[in-house]
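Take a look at the letters that make up each chain.
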Amino acid sequence: MPDAIELLSTRSSCKAVALTAPGPSAPEIEKLLTIASRVPDHGKLAPWRFILFEGEARLAAGTAIAAAFRAKYPDAQAEQV
């Protein structure tokens, strides 16, 4: 239990802008999804559904998200998009 308490007491999230390449490897993603599917959620929304965007689909999703952001924030700087 001390390990879990230590992990939870030092855990922090980062802003999306801080997420840069390289991303997690395929084995790391598999491990993350396995863990994520086991954790409880406050609304008991299980079963979980995970969608991975890879390859061209990832680029297309990024383009669509950037376009939606630009539409909502037309004065945004390139680094914000």
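Everything numeric here is computed off the predicted structure, so don't read it as measured data.

Asker: Mind showing me how you'd approach the overall build of the protein here?
Answerer: Looking only at helices and strands, the protein features 3 helices and 0 strands. The helix and strand sequence of the protein, counted from the amino end, reads α-α-α. A compact globule built from 81 residues should have a C-alpha radius of gyration of about 12 Å, whereas the protein, at 17 Å, is more than 25% larger. Taken along its principal axes, the extent of the C-alpha atoms in the protein is 50 × 30 × 25 Å. Taken over 81 residues, the protein has a buried fraction of 4%. Accessible surface, the protein as shown: approximately 7,700 Å² in total, 62% of it carbon and sulfur. Side-chain charges of the protein comprise 9 positive and 9 negative groups, with the mean position of each set lying 6 Å from the other.

Asker: Before we go on, may I ask you to explain the packing of aromatic side chains in this structure?
Answerer: Here a ring pair, both rings aromatic, is described through the centre-centre distance and the interplanar angle of the planes. Under the criterion given, the structure shown has 1 aromatic pair. Judged by centre distance (4.8 Å) and plane angle (45°), the ring pair of Phe-69 and Tyr-73 falls under tilted. You can call Phe-69 partly exposed: its relative accessible area is 29%. Taking relative accessible area as the criterion, Tyr-73 reaches 40% and is therefore assigned partly exposed.

Asker: Whenever I open this one, a nonpolar patch on the surface confuses me. Can you help?
Answerer: A cluster of nonpolar side chains, Ile-35, Val-39, Trp-48 and Phe-50, forms an exposed patch at the surface whose accessible area comes to about 360 Å². Turning to its location among the elements, Val-39 is positioned in the loop between α2 (26-36) and α3 (55-72). Residue classification places Val-39 among the partly exposed positions, given a relative accessible area of 39%.

Rules and cut-offs
- Residues numbered from 1 in each chain as written.
- Predicted model: local features only at pLDDT ≥ 70, side-chain atom pairs only at ≥ 80, totals over all residues.
- Heavy atoms only, no water.
- Helix = DSSP H or I, 4+ residues; strand = E, 2+ residues; numbered from the N terminus.
- Rg over C-alpha atoms; globule rule 2.2 N^0.38 Å.
- Buried < 20%, exposed > 50% of the residue type's maximum accessible area, 1.4 Å probe, protein only.
- Areas by Shrake-Rupley, 256 points an atom, 1.4 Å probe, with all protein chains shown as cover.
- Lys, Arg positive; Asp, Glu negative; His and termini not counted.
- Charge placed at Lys NZ, Arg CZ, Asp CG, Glu CD.
- Phe/Tyr/Trp six-rings, centres within 6.5 Å; stacked < 30°, edge-to-face > 60°.
- Patch = residues over 30% accessible without salt bridge, like charges linked within 9 Å, V, L, I, M, F, W, Y side chains within 5 Å.
- Salt bridge = Lys/Arg side-chain N within 4 Å of Asp/Glu carboxyl O.

Read these as layout, nothing more, since geometry by itself doesn't imply function.
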